[in-house]
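For reference, the chains in residue letters:
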Amino acid sequence: MNKYVLMVLSNPVAGKEDEYNEWYTNQHLADVLKVPGFKTAQRFTLIQDDPTANWKYLAIYEFETKDPASALAELTARAGSTDMVLSQAMDLQNYSVTPWVAISDKVSVGK
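Reference entry: report on the structure contained in this document. (Residues numbered from 1 in each chain as written. Predicted model: local features only at pLDDT ≥ 70, side-chain atom pairs only at ≥ 80, totals over all residues. Heavy atoms only, no water.)

1. Some details on the sheet that holds strand 2 (residues 38–45)
Read across the sheet, four strands follow the order 2-3-1-4 without closing on themselves; strand pairing throughout is antiparallel. On the outer flanks of this sheet lie strand 2 and strand 4 (96–101), each paired with one strand and no other. Across this sheet, the average inter-strand angle for adjacent strands is 15°, counted without regard to direction. Inspection of the sheet shows strand 2 paired to strand 3 (residues 57–65) by seven bridges, in the antiparallel sense. When the sheet's bridge partners are listed, Ala41 is paired in strand 3 with Tyr61. Contacts from helix 1 (residues 17–33) reach strand 1 (2–10), strand 2 and strand 3, with the element oriented near 165° to strand 2. The strands touched by helix 2 (residues 68–78) within the sheet are strand 1, strand 2, strand 3 and strand 4, with strand 3 carrying the most contacts at an inclination of about 130°. (Pairing = 2+ DSSP bridges. Helix = DSSP H or I, 4+ residues; strand = E, 2+ residues; numbered from the N terminus. Axes fitted to C-alpha atoms, helices over the stretch in contact; angles between N-to-C directions. Contact = heavy atoms within 4.5 Å.)

2. Digging into the environment of Gln27
Looking at where Gln27 falls in the secondary structure, it is placed in helix 1. Linking Gln27 and Asp50, residues 23 residues apart in sequence, is a C-alpha distance of 27 Å.

3. Observations regarding the side chain of Ser96
Positionally, Ser96 belongs in strand 4. Its relative accessible area of 18% is what places Ser96 among the buried residues. In this structure, Ser96 is in contact with Met7, Val8, Leu9 and Trp55, ignoring residues within four places of it in sequence. (Buried < 20%, exposed > 50% of the residue type's maximum accessible area, 1.4 Å probe, protein only.)

4. Topic: helix 1
The end-to-end C-alpha distance of helix 1 is 23 Å, a good match for the 24 Å that 17 residues give at a rise of 1.5 Å each. For helix 1, the full list of buried residues reads Tyr20, Trp23, Tyr24, His28, Leu29, Asp31 and Val32. Of the surrounding elements, those touching the buried residues of helix 1 are strand 1, strand 2, strand 3 and helix 2. (Expected span 1.5 Å × (residues − 1).)

5. Description of the nonpolar core
Within the largest apolar cluster, 19 residues are counted, with the highest numbers of intra-cluster contacts made by Leu6, Tyr20, Tyr24, Phe38, Tyr61 and Leu75. Discounting residues that sit within four places of it in the chain, Leu75 has contacts with Leu6, Val32, Val35, Phe38 and Met84. (Core = buried A, V, L, I, M, F, W, Y, C linked by side-chain atoms within 4.5 Å.)

6. Digging into the packing of aromatic side chains
Tallied over the full model, the rule gives seven aromatic pairs. Ring plane angle 55° and centroid distance 5.2 Å describe the contact between Tyr20 and Tyr57, whose orientation is recorded as tilted. Of this pair, Tyr20 sits in helix 1 while Tyr57 sits in strand 3, and the two are 37 residues apart along the sequence. In this pair, the class of Tyr20 matches that of Tyr57, namely buried. Joined through ring pairs, the aromatic side chains of Tyr4, Phe38, Tyr61 and Phe63 make up one cluster. (Phe/Tyr/Trp six-rings, centres within 6.5 Å; stacked < 30°, edge-to-face > 60°.)

What follows is the structure in structure tokens.
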């Protein structure tokens, strides 16, 4: 079974950052992890304010499957449904979703 990551770059709607972060961390991550094959989810924010950056937030999802197209199709089918409610606090006009396949194992210090 191949290992993949899905990287999602996004922003909140102006003035709704707290609502966006509450929804993303406490609801959306769990909703994505209900999609078959999705194993882990983690969010990140920029270390420093960068006015040239297109996005302030990053989510990385790890998933394992024999058929990544089907896993991504299921994720897309759920988005915006009762299984995966999307928040009005997320800027749905400006985000990036990119899937990646692992080409090596994870390497740790001392290994």
